[in-house]
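# Results of the structural survey
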Amino acid sequence: GAVVSQHPSRVICKSGTSVKIECRSLDFQATTMFWYRQFPKQSLMLMATSNEGSKATYEQGVEKDKFLINHASLTLSTLTVTSAHPEDSSFYICSARGHPFSYEQYFGPGTRLTVT
Amino acid sequence: AQKVTQAQTEISVVEKEDVTLDCVYETRDTTYYLFWYKQPPSGELVFLIRRNSFDEQNEISGRYSWNFQKSTSSFNFTITASQVVDSAVYFCALIIGQTGANNLFFGTGTRLTVIP
């Protein structure tokens, strides 16, 4: 099956700093990438949907200035958490879709962010 | 509006017992796709099955089986002869629409613990 990687797998940063998470589709071109957030023992919540070359669409309640998403190529999307705070600590998971009309999403392994 | 309900938050069974995880969904669309994912402690999402709304045939894959019933809007998942490696959080999810262009709506997950 299709492979999606995320880097880093774990990151610890200090409050007030920014951290970038990369999501790559390794063996296919991802026209759309999704970013999810998962708090401990909770479900995955969609943060934003990004299409290559266009601005991301954010879900209600997600601050676009805080969670910057860039999908500059068909194989790479990045999520930057700016001015991170302890409440941003979470598990961030990306998924990628290869075809605009495909229902299939391929998930990355996730990135665990801890803000101290 | 779309919604996926997994009423069982946590289930514990003794190894070799059978266990059924319930999933009830809500959508007004006639075309949709249902999914089950497994999330082991490592965090990555493992795809288990996909079902489209026009295919009510039940499916069996090894120790796993799925019962899709549109009349009750349910898509239940049964593990036969459970094993310790089955311990994980299981998510039921829904994509709506003919093109499948929308995001996945996840249930809140069921944490399964298989006791040796």
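Below is a short write-up of the structure. Within each chain, residues carry numbers counting from 1 in the order of the written sequence. As they are written, the chains are lettered A onward and the ligands numbered 1 onward, keeping that order. Note on the predicted model: pLDDT of at least 70 is required for a residue's local features to be given, and 80 or more for side-chain atom pairs to be given and counted; whole-chain, interface and lining totals, by contrast, use all residues. Hydrogens are left out, water is left out, and the side-chain values use all remaining heavy atoms of the structure.

### Some words on the overall build of chain B
Put simply, the test is: Starting at the N terminus, helices and strands are each numbered in turn, a helix being any DSSP run of H or I of at least four residues and a strand any DSSP run of E of at least two. In this setup the radius of gyration rests on C-alpha atoms only. A globule is expected at 2.2 Å times the number of residues raised to 0.38. Contacts: residue pairs with any heavy atoms within 4.5 Å of one another. Charge counting follows a simple rule: Lys and Arg are positive, Asp and Glu are negative, and His as well as the terminal groups are ignored. The atoms used to mark charge sites are NZ of Lys, CZ of Arg, CG of Asp and CD of Glu.
From N to C terminus, chain B includes zero helices and twelve strands. The linear arrangement of helices and strands in chain B, starting from the amino end, is β-β-β-β-β-β-β-β-β-β-β-β. Against the globule reference of 13 Å for 116 residues, chain B gives a C-alpha radius of gyration of 14 Å, in line with a compact fold. Dimensions along the principal axes, computed over C-alpha positions, put chain B at roughly 45 × 25 × 20 Å. Contacts in chain B between residues far apart in sequence, at least 24 positions, make up 56% of those at least 6 positions apart. Here chain B carries 9 positive and 12 negative side-chain charges, and the mean point of each set is 3 Å from the other.

### Notes on the overall build of chain A
The cut-off we apply is this: Each residue's exposure class comes from its accessible area (1.4 Å probe, protein chains only) as a fraction of the maximum for that residue type: buried when under 20%, exposed when over 50%, partly exposed otherwise. Where accessible areas are quoted, they stem from the Shrake-Rupley method and a 1.4 Å probe; at the residue level, only the protein chains shown are allowed to cover.
Looking only at helices and strands, chain A features zero helices and eleven strands. When the elements of chain A are put in sequence order from the N terminus, they spell out β-β-β-β-β-β-β-β-β-β-β. For 116 residues, the compact-globule estimate of 2.2 N^0.38 gives 13 Å, and the C-alpha radius of gyration of chain A, at 13 Å, lies within 12% of that figure. Projected onto its principal axes, the C-alpha positions of chain A cover 40 × 25 × 25 Å. Across the 116 residues in chain A, those meeting the buried criterion constitute 48%. Sequence-distant contacts, at least 24 apart, represent 55% of the contacts inside chain A between residues at least 6 apart. For chain A, the computed accessible surface area is about 5,800 Å², with 52% contributed by carbon and sulfur atoms. Put simply, chain A has 11 plus and 9 minus side-chain charges, and the middle of one group is 6 Å from the middle of the other.

### A look at the pattern of salt bridges
All names here are of chain B. For clarity, the threshold we go by: Any Lys or Arg side-chain nitrogen located within 4 Å of an Asp or Glu carboxyl oxygen qualifies as a salt bridge.
By the definition in use, this model includes five salt bridges over all chains. Salt-bridge contacts for R63 lead to D86; the nearest nitrogen and oxygen are separated by 2.8 Å. Here D86 lies in the loop between β9 (74-79) and β10 (88-96) and R63 lies in the loop between β7 (59-61) and β8 (64-69), a separation of 23 residues in the sequence. Taking the relative accessible area as the measure of exposure, D86 reaches 1% and is therefore buried.

### Notes on the interface of chain A and chain B
Filter applied, for reference: Take the accessible area each of two parts loses on contact, using a 1.4 Å probe, and add the two losses: that sum is the buried area. Pairing of N or O atoms within 3.5 Å defines a polar contact, subject to two protein rules: one partner must be a possible hydrogen donor and the other a possible acceptor, and residues neighboring in sequence count only if both atoms are side-chain atoms. Basically, the charged four are Asp, Glu, Lys and Arg, the nonpolar ten are Ala, Val, Leu, Ile, Met, Phe, Trp, Tyr, Cys and Pro, and anything else, Gly included, counts as polar.
Contacts between chain A and chain B engage 19 residues on the former and 21 residues on the latter. Between chain A and chain B, roughly 1,600 Å² of surface is buried when both sides are summed, and carbon and sulfur atoms account for 56% of that area. Across the contact surface, chain A and chain B share zero salt bridges. Counting the contacts that link chain A with chain B gives two residue pairs in polar contact (both at pLDDT 80 or more). When grouped by side-chain class, the residues that make up the side of chain A that touches chain B number eleven nonpolar, five polar and three charged.

### Some details on the state of the cysteines
The bond known as a disulfide is covalent and runs between the sulfur atoms of two cysteines. This is how the line gets drawn: Only a pair of cysteine sulfur atoms within 2.5 Å counts as a disulfide in this structure description.
One pass over the structure, following the stated rule, counts two disulfides over all chains. Across a sulfur-sulfur distance of 2.0 Å, C23(A) and C94(A) are joined as a disulfide pair. Between C23(A) and C94(A), the S-S torsion sits near 80°, and that sign places the bridge as right-handed. Of the two residues, C23(A) sits in strand β3 (residues 19-25) while C94(A) sits in strand β9 (residues 90-97), which places them 71 residues apart along the sequence. Note that C23(B) is cross-linked by a disulfide to C92(B), the S-S spacing being 2.0 Å. Residues C23(B) and C92(B) share a disulfide whose torsion about the S-S bond is about -65°; that sign makes it left-handed. Of the two residues, C23(B) is situated in the loop between β3 (19-21) and β4 (24-26) and C92(B) in strand β10; the sequence distance between them amounts to 69 residues. Taking relative accessible area as the criterion, C23(B) reaches 0% and is therefore assigned buried.

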